[in-house]
Amino acid sequence: MVEVLVLDQEAQFYAAELAKVAVAAQVRAATSEAEALKVCASAEVLVALAPVVTQRLISAMPRLKFIQALTTGTDNLATLTLPADITIASMRGMHGPQMAELAFLAMMALSRDLPKMQVNQRARTWTRWPQPLLLGKTIVLVGVGTISEALAHRAKAFGMQVIGVSDARTHVPDFDDIMPRHALATAAARADFLIVLAPLTPATRGMINA
């Protein structure tokens, strides 16, 4: 029987759902590393957000063969000493809608000064100030992957111009233009909003600077 360890604040939920479909597996749940270390020794599969996986935890799992990251990014796992035969899987492809909506929450809150609105609401004060629209604004997406695609699609519905920065892709639906990475500064100069969605690699680390 395969043993699976789920490490997450919602581990009990994930474990219960996983047990419904992985009937041949023994699924354990832990909400902290301390809990995980008590039950991880015989686990062959680890399910967790990539950033919470530590070398201490890996070293305590001699039978580990598979890590299922609950995140799209797995860059921190590359900094760990892992068994040579281990398989790592990410959740690439499922985070597009929620990340795109979060980006719009931030853009609209910034444009319209939502914190000031909330302060006025609590103070029962009616103050008016200009309310800029996203319509006609330019969004520059550094990195053109599945999350950027979801964001670009929604940005076009808001009437925004969408510019991508990528060396890997040149023509993608809902993008008005895609510029190479060496033209990042030129692209950024066109941006009302600059959103970084590139994977963290040696080539991208520090690419956004002063």
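Conventions and cut-offs
Residues numbered from 1 in each chain as written. Predicted model: local features only at pLDDT ≥ 70, side-chain atom pairs only at ≥ 80, totals over all residues. Heavy atoms only, no water. Patch = residues over 30% accessible without salt bridge, like charges linked within 9 Å, V, L, I, M, F, W, Y side chains within 5 Å. Areas by Shrake-Rupley, 256 points an atom, 1.4 Å probe, with all protein chains shown as cover. Salt bridge = Lys/Arg side-chain N within 4 Å of Asp/Glu carboxyl O. Helix = DSSP H or I, 4+ residues; strand = E, 2+ residues; numbered from the N terminus. Pairing = 2+ DSSP bridges. Axes fitted to C-alpha atoms, helices over the stretch in contact; angles between N-to-C directions. Contact = heavy atoms within 4.5 Å. 1 Å grid on protein atoms, 1.4 Å probe; cavity = no way out; pocket = protein on both sides within 12 Å on 5 of 7 lines; lining within 4 Å. Points joined across faces, edges and corners; volume = space filled by probe spheres on them. Nonpolar A, V, L, I, M, F, W, Y, C, P; charged D, E, K, R; others polar.

Caption draft 1: Seen up close, a nonpolar patch on the surface. Judged by side-chain polarity, Leu194, Val196 and Ile208 come together as a nonpolar surface patch covering roughly 230 Å² of accessible area. Position of Leu194 relative to the elements: it lies in strand E9 (residues 193-196).

Caption draft 2: Structural detail: the sheet that holds strand E8 (residues 177-179). Read from one edge to the other, the open sheet built from 4 strands follows the order E8-E7-E6-E9, with strand pairing classed as parallel. In this open sheet, the two edge strands, each paired with only one partner strand, are E8 and E9. Across the sheet, the mean angle from the axis of one strand to that of its neighbour is 20°, orientation sign disregarded. Sheet topology places strand E6 (residues 138-142) next to strand E7 (residues 161-165); 5 bridges connect them, and they run parallel. Pairing of Thr138 across the sheet is with Gln161, part of E7. Its contacts with the sheet put helix H4 (residues 96-112) on E6 and E9, and the angle it makes with E9 is roughly 150°. Contacts from helix H6 (residues 146-157) reach E6, E7 and E9 within the one sheet, and its direction differs from that of E6 by about 175°.

Caption draft 3: Geometry of the environment of Thr72. Positionally, Thr72 belongs in the loop between strand E4 (66-69) and strand E5 (87-89). C-alpha separation for the pair Thr72 and Arg92, spaced 20 residues apart in sequence, amounts to 4.6 Å. For Thr72, the contacting residues outside a window of four places in its chain are Ser90, Met91, Arg92, His95 and Ile147.

Caption draft 4: Representation of the layout of surface pockets. Empty space within the largest pocket amounts to approximately 620 Å³. Lining the largest pocket are 28 residues; nearest its centre among them are Thr72, Ile147, Leu197, Ala198 and Pro199. Elements with a minimum of two residues in the lining of the largest pocket: H4 and H6. With 3 residues, the top contributor of residues to the lining of the largest pocket is H6. In terms of residue class, the lining of the largest pocket is built from 11 nonpolar, 12 polar and 5 charged. Approximately 210 Å³ is the volume found for the second largest pocket. Top element by residues in the lining of the second largest pocket is helix H1 (residues 11-21). It accounts for 3 residues. Across the lining of the second largest pocket, the residue classes break down as 8 nonpolar, 1 polar and 2 charged.

Caption draft 5: Region of interest: the sheet that holds E4. The strand order E2-E1-E3-E4-E5 describes an open sheet built from 5 strands, whose pairing is parallel. What marks the edges here is a single partner per strand, and that holds for strand E2 (25-30) and E5. Across the sheet, the mean angle separating the axes of adjacent strands is 15° when strand polarity is ignored. Pairing of strand E3 (residues 45-48) with E4, which is carried by 4 bridges, proceeds in the parallel orientation.

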